[in-house]
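The primary structure of each chain is shown beneath.
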Amino acid sequence: QQQVKQSPQSLIVQKGGISIINCAYENTAFDYFPWYQQFPGKGPALLIAIRPDVSEKKEGRFTISFNKSAKQFSLHIMDSQPGDSATYFCAASTVVQGAQKLVFGQGTRLTINP
Amino acid sequence: GAGVSQSPSNKVTEKGKDVELRCDPISGHTALYWYRQSLGQGLEFLIYFQGNSAPDKSGLPSDRFSAERTGGSVSTLTIQRTQQEDSAVYLCASSLEGRGEAFFGQGTRLTVV
């Protein structure tokens, strides 16, 4: 129940296209859903995050869509650029007795072809 | 510093030796996580510290792994009697209490030969 399932495992998109990565969860207590971006040799960096009281959040070319009833959320990258090539992780967390633990998906390796 | 700092950045050790990995979190962050990332894999939760509460050690893979956090700041992850399957990147992250945003360090790449 603590798992977050992420798909696809890898994705190739042409420059200018839309990249879509999907995640699903089971634990309805999760109340925070961030996406992280990781470049080779670097630690993951927070990209964008959403809480379940909204269905969509947009920051520049990056949008999170959230479907609470389906327990799914997705990352959309508009006008994808070669510099977006990285590994993307979705995550979910909740606070239980003052403690929280981020649970990560398995990651998606995104390649944007020029 | 401005970010989470981990040291060393790379560590090569012989099988059976003990290693210590260090993490300096962002100043003021009360929560600290350790994760393990094997080559091309996702992030495996190891341990979580939050303020003065007992740490959540549920992710530690064996009793060869331990971690401590001194003074609510610096944390050390210790792996005893290292095995080749311990080879991975060990990532540390910190966050403000009650908030989900976690900021990661660059990681320590551990290679056991």
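Please read all numbers here as calculations on a predicted model, not as lab measurements. (Residues numbered from 1 in each chain as written. Chains lettered and ligands numbered in written order. Predicted model: local features only at pLDDT ≥ 70, side-chain atom pairs only at ≥ 80, totals over all residues. Heavy atoms only, no water.)

**Examining the overall build of chain A**
Point 1. Counting secondary structure elements, chain A contains 0 helices and 13 strands.
Point 2. Against the compact-globule benchmark of 13 Å for 114 residues, chain A has a radius of gyration of 14 Å, which places it among compact chains.
Point 3. Put simply, chain A has 114 residues, and 45% of those count as buried.
Point 4. Residue pairs at least 24 apart in sequence account for 54% of intrachain contacts in chain A once pairs closer than 6 positions are excluded.
Point 5. Of the roughly 5,600 Å² of accessible surface on chain A, 50% is carried by carbon and sulfur atoms.
Point 6. Chain A carries 11 positive and 7 negative side-chain charges, and their two centres are separated by 6 Å. (Helix = DSSP H or I, 4+ residues; strand = E, 2+ residues; numbered from the N terminus. Rg over C-alpha atoms; globule rule 2.2 N^0.38 Å. Buried < 20%, exposed > 50% of the residue type's maximum accessible area, 1.4 Å probe, protein only. Contact = heavy atoms within 4.5 Å. Areas by Shrake-Rupley, 256 points an atom, 1.4 Å probe, with all protein chains shown as cover. Lys, Arg positive; Asp, Glu negative; His and termini not counted. Charge placed at Lys NZ, Arg CZ, Asp CG, Glu CD.)

**As for the state of the cysteines**
Residues and elements named next belong to chain A.
Point 1. Across all of its chains, the model carries 2 disulfides over all chains by this definition.
Point 2. With its sulfur 1.9 Å from that of its partner, Cys23 forms a disulfide with Cys90. Negative torsions about the S-S bond denote left-handed disulfides, and the value of about -95° found for Cys23 with Cys90 makes this one left-handed. Of this pair, Cys23 sits in strand β3 (residues 19-25) while Cys90 is found in strand β9 (residues 86-92), placing the two residues 67 residues apart along the sequence. (Disulfide = S-S within 2.5 Å.)

**Focus: the interface of chain B and chain A**
Point 1. Each partner contributes to the interface: chain B provides 22 residues, whereas chain A provides 20 residues.
Point 2. When the two sides are added together, the surface that chain B and chain A hide from each other amounts to roughly 1,700 Å², 51% of it contributed by carbon and sulfur.
Point 3. Summed over the shared surface of chain B and chain A, the number is 0 salt bridges.
Point 4. For the pair chain B and chain A, the number of links is 4 residue pairs in polar contact (both at pLDDT 80 or more).
Point 5. Broken down by secondary-structure element, the contributors of at least two residues to the side of chain B that touches chain A are β4 (31-37), β5 (44-50) and β8 (88-95) of chain B. (Buried area = accessible area lost by both parts, 1.4 Å probe. Salt bridge = Lys/Arg side-chain N within 4 Å of Asp/Glu carboxyl O. Polar contact = N/O pair within 3.5 Å; in protein donor to acceptor, adjacent residues only side chain to side chain.)

**So, the sheet that holds strand β8 (residues 72-77) of chain A**
By definition, the strands of a sheet pair up through backbone hydrogen bonds, in either a parallel or an antiparallel sense.
Residues and elements named next belong to chain A.
Point 1. Pairing is antiparallel across the open sheet formed by 5 strands, whose spatial order is β1-β3-β8-β7-β6. Of all the strands in the sheet, the pair left with one neighbour each is β1 (4-7) and β6 (56-59). Geometrically, the sheet is characterised by an average inter-axis angle of 15° between neighbouring strands, direction not taken into account.
Point 2. Across 4 bridges, β1 lies against β3 in antiparallel orientation. Directly across from Ser7, in β3, lies its bridge partner Asn22. (Pairing = 2+ DSSP bridges. Axes fitted to C-alpha atoms, helices over the stretch in contact; angles between N-to-C directions.)

**Quick notes on the sheet that holds strand β1 (residues 5-7) of chain B**
Residues and elements named next belong to chain B.
Point 1. One open sheet accounts for 4 strands, arranged β1-β3-β7-β6; its pairing is antiparallel. One side of each edge strand has no neighbouring strand; the edge strands of this open sheet are β1 and β6 (65-69). For this sheet, the mean angle separating the axes of adjacent strands, direction not counted, is 15°.
Point 2. Where strand β3 (residues 19-24) and strand β7 (residues 75-79) come together, 5 bridges link them in antiparallel fashion. The residue bridging Val19 from the neighbouring strand is Ile79, located in β7.

**Regarding the layout of surface pockets**
Point 1. Empty space within the largest pocket amounts to approximately 680 Å³.
Point 2. Together, 32 residues line the largest pocket, and Gln38 and Arg109 of chain A together with Gln37, Leu39 and Gly40 of chain B are the ones closest to its centre.
Point 3. Residue assignment for the lining of the largest pocket shows that the elements contributing at least two residues are β9 and β13 (108-113) of chain A together with β8 and β10 (108-112) of chain B.
Point 4. With 4 residues, the top contributor of residues to the lining of the largest pocket is β10 of chain B.
Point 5. Across the lining of the largest pocket, the residue classes tally to 8 nonpolar, 21 polar and 3 charged. (1 Å grid on protein atoms, 1.4 Å probe; cavity = no way out; pocket = protein on both sides within 12 Å on 5 of 7 lines; lining within 4 Å. Points joined across faces, edges and corners; volume = space filled by probe spheres on them. Nonpolar A, V, L, I, M, F, W, Y, C, P; charged D, E, K, R; others polar.)

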